[in-house]
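Chains, contacts and geometry: an overview
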Amino acid sequence: MDNIVTSSLPTTAASRNLSNHISPFEATVVKLLKQHGATVSSKTNMDEFGMGSHSQNSFNGPVLSLFKKIGVPLSPGGSSGGSAVAVASGDWWAALGTDTGGSVRLPAAYTGTVGFKPSYGLLSRWGVIQYANSLDTVGILAASVEDAGAVFDILNQYDPQDPTSLQPSVRRRIAANRRTPPKTLRIGVPTEYNIHELSSAVRAAYISTLQQLQNLGHTLHAISLPTTKQALSAYYVLAPAEASSNLAKYDGIRYGFRSEGPDALPRENLPLYAKTRGEGFGEEVKRRILLGAYTLSSEAIDNYFIQAQKVRRLVQRDFDRVFATQNPLLDSKPGGGGDEVDIIITPSAPTLPPTVDEVKKQSPVEIYMNDVFTVPASLVGLPAVSVPMPLSDDTVEMEVEGGDVKTTGIQVIGQFGDDELVLRAAEIVQ
Ligand code: GLN
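Residues numbered from 1 in each chain as written. Predicted model: local features only at pLDDT ≥ 70, side-chain atom pairs only at ≥ 80, totals over all residues.

1. Focus on the overall build of the protein chain
- Looking only at helices and strands, the protein chain features 15 helices and 10 strands.
- Dimensions of the protein chain along its principal axes, counting C-alpha atoms only, are 75 × 55 × 50 Å.
- The buried share of the protein chain, reckoned over its 430 residues, is 52%.
- Long-range contacts, defined as pairs at least 24 residues apart, comprise 75% of the intrachain contacts of the protein chain with a sequence gap of at least 6. (Helix = DSSP H or I, 4+ residues; strand = E, 2+ residues; numbered from the N terminus. Buried ≥ 20, exposed ≤ 12 C-beta atoms within 10 Å, placed from the backbone. Contact = placed C-beta atoms within 7 Å.)

Laid out in structure tokens, this is it:
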């Protein structure tokens, strides 16, 4: 994806502000892939700086899915839509993306591919252009869970150059926590995820997945994650806040694009950096910068940023209560969760992909709603994977209407560090 730096190809993060930027160094994940014999052939298009859910916010133009509805291309999901389409085309074996709030899982769900977001801190972020540091995670798109797992095994290494890379001591604690995957999985089904926005096609695929798992001998447990409803709002406070700070460095002095013409001259009273930022960032990025600068301002920080951080802790407590395994980052496990489970299964996205024309008519808040199922795991840094599930024939007739999309995404979420169990469970689902 074009927000992971390579020294041979430009890295633009789909922003005019980085147009023609060539990094003097290479991201750790790219170096590791090359060391293991991979050919890194191309960069893929995305939402500018990872901000979006449909890969339409790009200085390089929109990304189109290979699927269509009455001749109109569908959204490939975002922000790693280009990576998902590359894999879906069959011409690329695997692609990297980044997942801050769902940007690998949503494109996977929309394109019929597998999208894996590992636990936060396992894969190096050195050389990954920041969007929201406390959430940004390198993810993997592939045609199968096995292929995604093979890439993960190569990249899952401590990197001293990334200060948020999990230290060897924490990795040892995670390894010590690891059990042989149980033969019968206890699967959590969160009651709060049964929202009325869930389309009937997605709901039918979700129910049939759960039934199949039950038929294989796994057990289903209704669980409650009460803070789920606040998670999306908290994410859309925290991610823009971090972004507004991260993106301050694109000032026309240090990187790529710089505005020209008389307006950029000091005598016009408009400093170079203001002109550059005004012309260099797209609409959605500007919206996030303004939102983030506001929620971090002294008048608003208590009501927004601090509240959102509190919600983030509550979301973590919700998950820690229901997972049987203790979170290796914490000293104790909160009680009172009722049934304890090994993994949680949810839909990846509330609906089937809209067409790119439908996306144009959606408000920003309608677009943010797409992330409702992916954001909770992001806030807590949990491993989560989206696997394609076939749609049933009757729902295809009802909802696809002249379209050729045949799958939706089912998401498997695990406790922090339980990446291998998540992949194992995803293999059973796929
Ligand atoms: N759609 C979410 C956003 O715009 C998630 C993006 C991502 O994971 N990079 O912030």
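2. Points about the environment of Leu314
- Along the chain, Leu314 turns up in helix α10 (residues 305-322).
- With 15 C-beta atoms packed within 10 Å, Leu314 lands in the partly exposed category.
- As for Leu314 and Leu238, which are separated by 76 residues in sequence, their C-alpha atoms are 14 Å apart.

3. Describing the site of the ligand
- Every one of the 14 residues lining the ligand counts as a neighbour, but Gly50, Ser53, Thr100, Gly101 and Ser103 are closest to it.
- Across the shell around the ligand, the residue classes tally to three nonpolar, nine polar and two charged. (Near = placed C-beta within 6 Å. Nonpolar A, V, L, I, M, F, W, Y, C, P; charged D, E, K, R; others polar.)

4. Regarding the domain arrangement of the protein chain
- Considered domain by domain, the protein chain is made up of domain 1 (16-232 + 308-429) and domain 2 (233-299).
- One C-alpha centre belongs to domain 1, the other to domain 2, and the line joining them spans 29 Å.
- Facing the 31 residues of domain 1 at the interface are 22 residues of domain 2.
- Elements with a minimum of two residues in the side of domain 1 that touches domain 2: α7 (228-246), α10, α12 (364-368) and α13 (375-380). (Domains from an automatic or database assignment.)

5. Points about the confidence of the model for the protein chain
- Summing up the model confidence of the protein chain, the mean pLDDT is 93 and the portion of residues at 70 or higher is 96%.
- Both scores are available for the predicted complex, with the pTM at 0.95 and the ipTM at 0.97. (pLDDT = per-residue confidence, 0-100.)

6. Some thoughts on the nonpolar core
- Leu141, Ile343, Val385 and Val412 are the most contacted members of the largest nonpolar core, which has 112 residues in total.
- A total of 10 residues in this core trace back to one element, the largest contributor, which is α7.
- When residues of this core are assigned to domains, at least three map to each of domain 1 (16-232 + 308-429) and domain 2 (233-299). (Core = buried A, V, L, I, M, F, W, Y, C linked by C-beta atoms within 7 Å.)

7. Examining the pairing of strand β9 (residues 384-390)
- Among the seven residues of β9, six are classified as buried, and the element is accordingly described as predominantly covered.
- With three bridges connecting them, strand β4 (residues 114-117) and β9 associate as antiparallel partners. Bridge pairing links Phe116 to Val385 in β9.
- Pairing of β9 with strand β10 (residues 407-414), which is carried by seven bridges, proceeds in the antiparallel orientation. Each residue of the ladder has a partner; that of Met389, found in β10, is Thr408. (Pairing = 2+ DSSP bridges.)

8. Quick look at unusual backbone geometry
- Each neighbour pair has its own omega, and for Gly78 with Ser79 the value is 10 degrees, a cis peptide bond.
- Within the element layout of this structure, Ser79 appears in the loop between β2 (72-73) and α2 (81-88).
- Positive phi outside glycine occurs at Ala13, with the angle close to 50 degrees.
- Among the structural elements, Ala13 can be located in the segment before α1 (28-35).
- Residue Phe49 is not a glycine yet carries a positive backbone phi of 55 degrees.
- Looking at the element boundaries, Phe49 is found in the loop between α1 and β1 (68-69).
- Residue classification places Phe49 among the buried residues on the basis of 30 C-beta atoms within 10 Å.

9. As for α1
- Looking only at α1, the buried set comprises Thr28, Val29 and Val30.
- For α1, the secondary structure elements touched by its buried residues are β3 (94-99), β5 (137-142) and α4 (145-155).
- Positive backbone phi, approximately 90 degrees, marks Gly37, located one or two places after α1.

10. Things to note about the sheet that holds strand β7 (residues 219-223)
- With respect to topology, eight strands assemble into an open sheet ordered β3-β5-β4-β9-β10-β8-β6-β7, the strand pairing being mixed. Across the chains shown, the open sheet's two edge strands, defined by having one partner strand only, are β3 and β7. Neighbour-to-neighbour, the strand axes of the sheet open up by a mean angle of 30 degrees, direction not taken into account.
- As paired strands, β4 and β5 are joined by three bridges and run antiparallel to one another. Its bridge partner being in β5, Phe116 is matched across the sheet by Ile140.
- Against the sheet, α4 engages β3, β4, β5 and β9, with an angle of about 140 degrees to β5. (Axes fitted to C-alpha atoms, helices over the stretch in contact; angles between N-to-C directions.)

11. Focus on the packing of α7 against helix α9 (residues 283-295)
- Viewed as axis vectors pointing N to C, α7 and α9 meet at an angle of 100 degrees, and their least axial separation amounts to 7 Å. Between α7 and α9, the angle falls in the class roughly perpendicular. Touching Val237, Pro240, Ala241, Ala243 and Ser244 of α7 are Arg288, Ile289, Leu291, Gly292, Ala293 and Thr295, all from α9.
- Across the contact of α7 with α9, the residue classes break down as seven nonpolar, three polar and one charged. (Parallel < 35°, antiparallel > 145°, perpendicular 65-115°, else oblique.)

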